[in-house]
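Residue-level structure breakdown
Chain residues, written in single-letter form:
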Amino acid sequence: MSEIFTGIPKIKYEGPKSRNPFAFKYYDAEKIILGKPMREHLPFAMAWWHNMCATGIDMFGKGTADKSFGVEKDTMEHARKKVDAAFEFMDKLGVEYFCFHDVDLIPEADSISETNKRLDEISDYIKVKMEQYGKKVLWGTANLFGNPRYMNGAGSSNSADVFCFAAAQIKKALDITVKLGGRGYVFWGGREGYETLLNTDMKFELENIAALMHLAVDYGRSIGFDGDFYIEPKPKEPMKHQYDYDTATAIGFLKQYGLDRDFKINVEANHATLAGHTFRHELRVAAINGMLGSIDANQGDLLLGWDTDEFPFDIYETTMCMYEVLMAGGFKNGGLNFDAKNRRPSYTYEDMFHAFILGMDAYALGLIKAAAIIEDGRIDSFINERYASYESGIGAKIRAGEATLEELSEYAEKLGKPALPSSGRQEYLESIVNSVLFS
Ligand code: XLS
Ligand code: CA
Ligand code: CA
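Residues numbered from 1 in each chain as written. Chains lettered and ligands numbered in written order. Predicted model: local features only at pLDDT ≥ 70, side-chain atom pairs only at ≥ 80, totals over all residues. Heavy atoms only, no water.

Attention now goes to the packing of helix 3 (residues 76-93) against helix 12 (residues 349-376). Put simply, helix 3 and helix 12 touch, their axes get as near as 11 Å, and they point 45 degrees apart. As the angle between them shows, helix 3 and helix 12 are arranged oblique. Relative to helix 12, the crossing made by helix 3 is right-handed. Judged by residue contacts, Phe89, Lys92 and Leu93 of helix 3 engage Met352, Phe353, Phe356, Ile357 and Met360 from helix 12. Taken together, the residues of the contact of helix 3 with helix 12 sort by class into seven nonpolar, no polar and one charged. (Axes fitted to C-alpha atoms, helices over the stretch in contact; angles between N-to-C directions. Helix = DSSP H or I, 4+ residues; strand = E, 2+ residues; numbered from the N terminus. Parallel < 35°, antiparallel > 145°, perpendicular 65-115°, else oblique. Left-handed = near helix turned anticlockwise from the far one by under 90°. Contact = heavy atoms within 4.5 Å. Nonpolar A, V, L, I, M, F, W, Y, C, P; charged D, E, K, R; others polar.)

Take a look at the structure:
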């Protein structure tokens, strides 16, 4: 098999002083941080759709990047070439995992049975490569938003026939995920939302989405899938209003419909900011509910109101992300999927590598700095002390659930006027973060 990314070497760690564009400056896979090698803290994954498929096409113009890899597109030969390219790419970068939609892997056929045949064929080929290169599947999913049949959603479609098509795609995507040993299965509700309530029965649609997820869980468990199912929240785009608006909404939905034992959250950075939250907020909401599953590690542009899926470079963000991950005990089945694409004018093979070097270094540095914040300890101990009034006396009684409203009212009356709470010291804490980041 001939090399595709010719002239691009295996990417190695050279340290922060290196000026080699094809070297890591911070990602040193075996370096131990808080007792574990970086590689284990940072299970990086390649998103098949962006990296092997997307060409930079937008509504104003054609793609700029050539992802034909030298053969005719939309053929099975092309599907196999993408596999060759993907494994060479991951191998050169030391990326251990990948994520895929069913239709990223093969050109979708006119019938489900033919599409499924193609999926069988390509997954056989992928499986061999995975063994050869030692690569793994972080998560699989089905594309239930691209085909025109999903114009009104999949689980939320008004058409029962479309619901069945979605079920068929999910079944096959689960088959392939299990066949390839995948650790996760994602539901991103691309078109599970609505444009107007004038034609929408919201309760009916939510019940159907939950029913589809229950069917997926039952089937997945029956074929031996013991990983995590994920909901990936997003507030809008493509639908005006999507049901999985944000992490809190998705968790409420999972609990209401009895799906919370099987599902966790896949938090995407760009979706968090689209929902009007910080990335860190979304991670924390997932973490305190025991549902921080996996992360789509990209970055949005706060000046733009859409999903720009940029490679992450903001160290403040990656630091806070890794702080949340470390405090939550690290990843179990999840990881850091670069659901990110090169900017349209960055269209060469070299740019694909630069993007991953940028993202992997940004997360490596974020990990180093998050560990330093934890080791420094000032922020954590500040937060603990801030709630000290609940450690004894009336506060401890409140926490233990032993107080009554009458008792608290009496206590307050006796007190007369409470002292002001202690200062939040936000600026002082921000300066600690800066001093850790830039020392
Ligand atoms: C789109 C989503 C999508 C999911 C997988 O905005 O990020 O790519 O991650 O379907
Ligand atoms: Ca995503
Ligand atoms: Ca996205």
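Between helix 5 (residues 112-133) and helix 6 (residues 160-179), whose axes approach to 10 Å, the crossing angle comes to 15 degrees. When the interaxial angle is binned, helix 5 and helix 6 end up roughly parallel. Both helix 5 and helix 6 take part in a crossing whose hand is right-handed. Here Ile112, Asn116, Leu119, Asp120, Ser123, Asp124 and Lys127 of helix 5 come into contact with helix 6, specifically with Phe165, Ala168, Lys172, Ile176 and Lys179. Here the residues of the contact of helix 5 with helix 6 sort into five nonpolar, two polar and five charged.

A word on a nonpolar patch on the surface. A cluster of nonpolar residues, Ile383, Tyr387, Tyr390 and Ile398, forms a patch on the protein surface that exposes about 370 Å² of accessible area. Note that Ile398 resides in helix 14 (residues 393-399). (Patch = residues over 30% accessible without salt bridge, like charges linked within 9 Å, V, L, I, M, F, W, Y side chains within 5 Å. Areas by Shrake-Rupley, 256 points an atom, 1.4 Å probe, with all protein chains shown as cover. Salt bridge = Lys/Arg side-chain N within 4 Å of Asp/Glu carboxyl O.)

Around the calcium ion (ligand 3), the donor atoms from the protein are Glu268 (OE), Glu268 (OE), His271 (NE2), Asp307 (OD), Asp307 (OD) and Asp309 (OD), and they sit 2.3 to 3.0 Å away. Sequence positions of the residues that donate to the calcium ion (ligand 3) give the spacing E-x2-H-x35-D-x1-D. A relative accessible area of 4% means that His271 is categorised as buried. (Donors = N, O, S within 2.8 Å, 3.2 Å for Na, K, Ca; no water. Buried < 20%, exposed > 50% of the residue type's maximum accessible area, 1.4 Å probe, protein only.)

Quick look at the packing of aromatic side chains now. The full count for this structure, using the stated rule, is 26 aromatic pairs. Note on Phe87 and Tyr133: the rings are 5.8 Å apart at their centroids and 35 degrees apart in plane angle, and the pair reads as tilted. One end of the pair, Phe87, is in helix 3; the other, Tyr133, is in helix 5, and 46 residues separate them in sequence. Note on Phe311 and Phe338: the rings are 6.0 Å apart at their centroids and 35 degrees apart in plane angle, and the pair reads as tilted. On the criterion of sequence distance, the pair formed by Phe311 in the loop between strand 13 (292-296) and helix 11 (315-327) and Phe338 in strand 14 (residues 336-338) is long-range, its members being 27 residues apart. Just as Phe311 is buried, Phe338 falls in that class too. Ring-pair connections join several aromatic residues into one group, and the members of that group are Phe5, Phe24, Tyr27, Phe44, Phe69, Phe89, Phe311, Phe338, Tyr349, Phe353 and Phe356. (Phe/Tyr/Trp six-rings, centres within 6.5 Å; stacked < 30°, edge-to-face > 60°.)

Applying the stated criterion across every chain yields a total of 23 salt bridges. The closest approach of N and O atoms between Glu114 and Arg118, which form a salt bridge, is 3.1 Å. Of this pair, Glu114 and Arg118 both sit in helix 5, four residues apart, which is roughly one turn of that helix. Between Lys234 and Asp307 there is a salt bridge whose closest N-O contact spans 2.8 Å. Of this pair, Lys234 sits in the loop between strand 10 (228-231) and strand 11 (241-242) while Asp307 sits in the loop between strand 13 and helix 11, and the two are 73 residues apart along the sequence. For the pair shown, Lys234 and Asp307 are each scored as buried. The structure contains a network of salt bridges with shared partners spanning Glu3, Glu88 and Lys92.

Here the focus is the site of ligand 1. As a matter of local geometry, ligand 1 sits amid Trp49, His101, Trp139, Phe145, Trp188, Glu232, Lys234, Glu268, His271, Asp296, Asp307 and Asp339. Measuring from an oxygen atom of ligand 1, one finds a side-chain N or O atom of Lys234 at 2.9 Å. Contact between ligand 1 and Asp339: an oxygen atom at 2.9 Å from a side-chain N or O atom of the residue. Coverage of ligand 1 by the protein amounts to 93% of the 290 Å² it exposes when considered alone. Among the residues making up the shell around ligand 1, the classes are represented as four nonpolar, two polar and six charged. (Near = heavy atom within 4 Å. Polar contact = N/O pair within 3.5 Å; in protein donor to acceptor, adjacent residues only side chain to side chain.)

All right, on to the coordination of the calcium ion (ligand 2) then. Binding of the calcium ion (ligand 2) to the protein goes through Glu232 (OE), Glu232 (OE), Glu268 (OE), Asp296 (OD) and Asp339 (OD), at separations of 2.2 to 3.2 Å. All donors to the calcium ion (ligand 2) come from one chain, and their sequence spacing reads E-x35-E-x27-D-x42-D. Between the calcium ion (ligand 2) and the calcium ion (ligand 3), both coordinated by Glu268, there is a metal-metal distance of 4.2 Å. Remark: Asp296 occurs in strand 13 and Glu268 occurs in strand 12 (residues 263-268); sequence separation between them is 28 residues. On the basis of relative accessibility, which here comes to 2%, the residue Glu268 falls in the buried class.

Residues Gly184 and Val186 line one face of strand 8 (residues 184-187) and the alternating positions Tyr185 and Phe187 line the opposite face, and both faces are buried. In the sheet, strand 8 pairs with strand 10 via four bridges, with the strands oriented parallel. Opposite Gly184, over in strand 10, you have Asp228 as the bridge partner. (Pairing = 2+ DSSP bridges.)

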